[in-house]
Amino acid sequence: MSDSTAGREALAVENLTAGYGGVTALDDVTISAGTATITAVLGANGAGKTTLLRAISGLVKPRRGRIRIHDTDMTGHAPEDMARGGVAHVPEGQGVIAELTVEENLRIGMMSRRTTSRERATSLAEAYERFRPLADRRRKLAATLSGGERQMLVIARALLGRPRVLLLDEPSLGLAPRVMAQVMDMVVRLSGEGGITIILVEQNARGALAIADTGVVLNLGRVVATADAKDLAQDVALRHHYLGF
Ligand code: ATP
């Protein structure tokens, strides 16, 4: 993070209400994230975490409230506008295209940008440099990758769009503890060295709070706590009540 960007607000969600048909999944939610910070969004199943990410990436239209990305009001914009505005969304479930090779999957990540073939080659080289295991498997079908490698691939693909705000939905879901720790380390590097603002939805609350700057706890669509991640991790009552650890 350079001094000129340090502390600047990258994302602001203000009084956001959103849902599906008769369901209100988010009710008056406000969160804000500084440039190159990690915000952990936590809460039980059905708390509204995924809907929050879907609203920020334009997949769910807000009924009320505002979304600003780097001081630009993006409320109600379509997903492709959000992507152009610097938001990348990695949904839960490791959405690699199994029938394509690792490299073909990565190339999809550059389709939203206008690039020359030289730029594409440079970007791919950077991705392989950052995610070494992918370089060794570039011509292999994505179907042959392990869970951790698939997670790496979807994150690498999202990064090829050069996002400023990265939304990660349960990146450690289904991974072995050791691989989970590697994914968390990668998230830390993306924010620290990459200068990317990360909104991290996790069921693994303990692991997420260990790497996050800020924690936000949702319950039934409402924010019940927003605090420094270390303080949240030490709040025994809150942990027992909402986070299950
Ligand atoms: P989980 O950890 O189970 O994914 P979550 O915190 O991400 O939970 P959401 O998936 O955002 O929660 O769901 C919030 C609420 O919206 C829940 O009541 C859920 O049943 C409802 N919901 C989610 N998706 C839809 C949908 N497509 N149609 C109708 N209701 C939905």
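These notes cover the structure that comes with them. Since the structure is predicted, the reported quantities are computational estimates derived from the model, not experimental observations.

Some words on the sheet that holds strand S4 (residues 64-69)
Alright, step 1. With antiparallel pairing, 4 strands are arranged side by side in an open sheet as S2-S1-S4-S5. Strands at the two margins of the open sheet, each flanked by one partner only, are strand S2 (23-34) and strand S5 (72-73).
Alright, step 2. As judged from the 8 bridges shared by strand S1 (residues 9-20) and S2, these two strands associate in the antiparallel manner. Note that in S2 the partner of Gly19 across the bridge is Thr24.
Alright, step 3. Against the sheet, helix H1 (residues 49-56) touches S1, S2 and S4, its axis set at about 115 degrees to S1.

Considering the packing of aromatic side chains
Pairs of aromatic rings are described using the distance from one ring centre to the other and the angle between the two planes.
Alright, step 1. Tallied over the entire structure, the rule returns 0 aromatic pairs.
Alright, step 2. The ring of Tyr128 has Arg138 sitting right over it, with the charged end atom 4.1 Å from the ring centre.

So, the sheet that holds strand S9 (residues 214-219)
Alright, step 1. Sheet architecture is open: 6 strands sit in the order S6-S7-S8-S3-S9-S10, paired in mixed fashion. Strand pairing shows two members of the sheet lacking a second neighbour, strand S6 (87-90) and strand S10 (222-228), which therefore form its edges. If you compare each strand with its neighbour and ignore which way they point, the axes differ by 15 degrees on average.
Alright, step 2. Alignment of strand S7 (residues 165-169) against strand S8 (residues 197-201), held across 5 bridges, turns out to be parallel. Bridge pairing in S8 links Leu166 to Ile198.
Alright, step 3. Along the sheet, helix H6 (residues 147-159) contacts S6 and S7; its crossing angle with S6, the most-contacted strand, is approximately 165 degrees.
Alright, step 4. Against the sheet, helix H7 (residues 177-192) makes contact with strand S3 (38-42), S7 and S8, and its axis sits at roughly 155 degrees relative to S8, the strand it touches most.

How each quantity is defined
Residues numbered from 1 in each chain as written. Predicted model: local features only at pLDDT ≥ 70, side-chain atom pairs only at ≥ 80, totals over all residues. Heavy atoms only, no water. Pairing = 2+ DSSP bridges. Helix = DSSP H or I, 4+ residues; strand = E, 2+ residues; numbered from the N terminus. Contact = heavy atoms within 4.5 Å. Axes fitted to C-alpha atoms, helices over the stretch in contact; angles between N-to-C directions. Phe/Tyr/Trp six-rings, centres within 6.5 Å; stacked < 30°, edge-to-face > 60°. Lys NZ or Arg CZ within 6 Å of the ring centre and 35° of its normal.

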